[in-house]
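Each chain, letter by letter, is given below.
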Amino acid sequence: MTATLPAQLTGQMIIAGSPVTGAGKEIRGFDPAAGLPLEPGYRHGDAADVQAAAAAAAEAFPLYRATTSEQRARFLESIATHLEAVAESLIARAAAESGLPTARITGEVGRTTGQLRLFAGVLREGSWNGARIDTAQPDRSPLPRPDIRQRFVPLGPVAVFSASNFPLAFSVAGGDTASALAAGCPVVVKGHDAHPGTSEIVARAITAAVADAGLPAGTFSLLFGSGQELGIALVTDPRIKAVGFTGSRSGGTALVAAAAARPEPIPVYAEMSSINPVFLLEGALATRGAELGKAFIGSLTMGSGQFCTNPGLVIAVDGPGLDAFVAAAGEAISAAPATPMLTPNIARSYAAGVETLGGAADLIARGAAGGIETCGQAALFSTDAQSFLGNEDLQAEVFGASSLIVRCADDAEVRAVATGIEGQLTVTVHADASDEQAAGELLPLLELKAGRILFNGWPTGVEVCHAMVHGGPFPATSDSRTTSVGARAIERFLRPVAYQDVPKALLPSAVADGNPDHLWRRIDGRLTQD
């Protein structure tokens, strides 16, 4: 196996296989637990670096898109193997740069390699091709029907923006990169400033896999830079054909606007803002209100609350069951220790968000205070339904371990809150058998608000599988028709092409006679593998 990690980190970007030192401002990883900067320093790239990476990706695209599904599957598996080979160094650096526990980062390595191998399996299974054939009907009256065949083709080079809260699974080799590479699209990643060392290690693993597979070097590049400068330059480069983003609402909407203003607009798949409401129905509260309150705080404070699926809102009818829930939740959150957040800026933003909530809602309890600036102090508030619906500040995401309980007068007010909330990644319902009618009335409303609906669980934790949807109506994402997690994520970077009366010798194998790729295909409306 090709060596993937130098003796020490170099502090460089990687453009088409070559280490490049940026000319912009210096950034460093920061250990939020120790409150100390980390070596080495990295420098932001500029427009010239964007042009170099985009040009290399465009040059690589014709060769990379021509690879077979099996070749790309082996390439993705090679990336996973290279990451596992440097797991010890990778875990140590990611834990240092994020303040997240080693066990959490270890799990994230597994999730990252699992995503890569999932898409290798998707490629081999073949239904991603979307192969359809409507055979010619020359004798049809009044007009004959031509031979028409359809398959999906890759869009072109993709820009991926790394997330702050998942230094591996939503970062350089995360789901956006894995699904774009699976689709046949070269990738240019803008690494997150919060974990540059982790990004370099992962980028070197991908670069080694590119070389091992004999792929063009422009198949992958890593850049560092500010969103307003390098990020906008990347999204507006005419050679970039799609964007994957995980981050803030302001950052995501800025990229969407920039992409829409291009002479050739391109899709931006942005995951942005979600408060992930939890609905507690009366039967569940009556039988297990206190139990639910304790479990809720466990989900809320996990990872310092820095999950995009963190339960930031609870909705229930006022009564003894909700009182038991609130008492147990307040006791649990009061005992929650202060834990480091990902960066000082995130910690400051969290503190500001909690202060805003405190000015508009009633405080139930707070967790322990921290001794350093990066620590986040958990917080729990309450309000009534009318106040919630009348105040936009109460619907804003506060990224961290804070949540708001909305007390409703009756089921009608619960449904009014469900109707009034913005789009979400997840909605959770806790219900017993006695709640079936209420849950049935609620479910159609929730389908319009979220990409994933959970019953009797907690939203933190996103399974990487074929059926998962990690997306939702705006502002959860910029395009609710897609998912950024799961097998269908590949569809974001593909488009359909129809081939009408194309000579048989020129047809792509996915829609060729004789089914050389052994795919399930829809022929004259019937799904078959013949």
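Residues numbered from 1 in each chain as written. Predicted model: local features only at pLDDT ≥ 70, side-chain atom pairs only at ≥ 80, totals over all residues. Heavy atoms only, no water.

- The chain has the name Aldehyde dehydrogenase (NADP(+)) in an unreviewed UniProt entry, where Mycolicibacterium bacteremicum is given as its organism.

## Some words on the overall build of the chain
Step number 1: Counting its regular elements, the chain contains 14 helices and 23 strands.
Step number 2: The principal-axis extents of the C-alpha atoms in the chain amount to approximately 75 × 65 × 40 Å.
Step number 3: Residues counted as buried form 56% of the 530 residues belonging to the chain.
Step number 4: Contacts spanning at least 24 positions in sequence make up 76% of the contacts within the chain whose residues lie at least 6 apart.
Step number 5: Entry remark: accessible area of the chain is about 20,900 Å², with carbon and sulfur atoms responsible for 54%.
Step number 6: Computed over 38 positive and 53 negative side-chain charges, the separation of the two mean positions in the chain equals 8 Å. (Helix = DSSP H or I, 4+ residues; strand = E, 2+ residues; numbered from the N terminus. Buried < 20%, exposed > 50% of the residue type's maximum accessible area, 1.4 Å probe, protein only. Contact = heavy atoms within 4.5 Å. Areas by Shrake-Rupley, 256 points an atom, 1.4 Å probe, with all protein chains shown as cover. Lys, Arg positive; Asp, Glu negative; His and termini not counted. Charge placed at Lys NZ, Arg CZ, Asp CG, Glu CD.)

## Some points on the packing of helix α9 (residues 282-301) against helix α10 (residues 320-334)
Step number 1: In the contact formed by α9 and α10, the axes pass within 7 Å of each other and the chain directions differ by 30°. The orientation of α9 with respect to α10, classified from their angle, is roughly parallel. For the element pair α9 and α10, the recorded crossing hand is right-handed. Mapping the contact onto sequence places L285, G289, A290, L292, G293, K294, F296, I297 and L300 in α9 and G321, L322, A324, F325, A328, A329, A332 and I333 in α10.
Step number 2: The class makeup of the residues in the contact of α9 with α10 is 13 nonpolar, three polar and one charged. (Axes fitted to C-alpha atoms, helices over the stretch in contact; angles between N-to-C directions. Parallel < 35°, antiparallel > 145°, perpendicular 65-115°, else oblique. Left-handed = near helix turned anticlockwise from the far one by under 90°. Nonpolar A, V, L, I, M, F, W, Y, C, P; charged D, E, K, R; others polar.)

## Considering the sheet that holds strand β17 (residues 379-384)
Step number 1: Ordered by their spatial adjacency, seven strands build an open sheet running β15-β17-β18-β13-β12-β19-β20, and the pairing between neighbours is mixed. Taken across any chain shown, the strands that pair with only one partner, and hence form the sheet edges, are β15 (362-366) and β20 (450-455). Across the sheet, the axes of successive neighbouring strands diverge by a mean angle of 20°, strand direction being ignored.
Step number 2: Alignment of strand β12 (residues 277-280) against strand β13 (residues 313-317), held across four bridges, turns out to be parallel. The residue bridging L280 from the neighbouring strand is A316, located in β13.
Step number 3: Helix-sheet contacts for helix α11 (residues 344-360) involve β15, β17 and β18 (402-408), and the interaxial angle to β17 is about 30°.
Step number 4: Along the sheet face, helix α14 (residues 436-447) touches β12, β19 (424-430) and β20 and points at about 155° away from the line of β20. (Pairing = 2+ DSSP bridges.)

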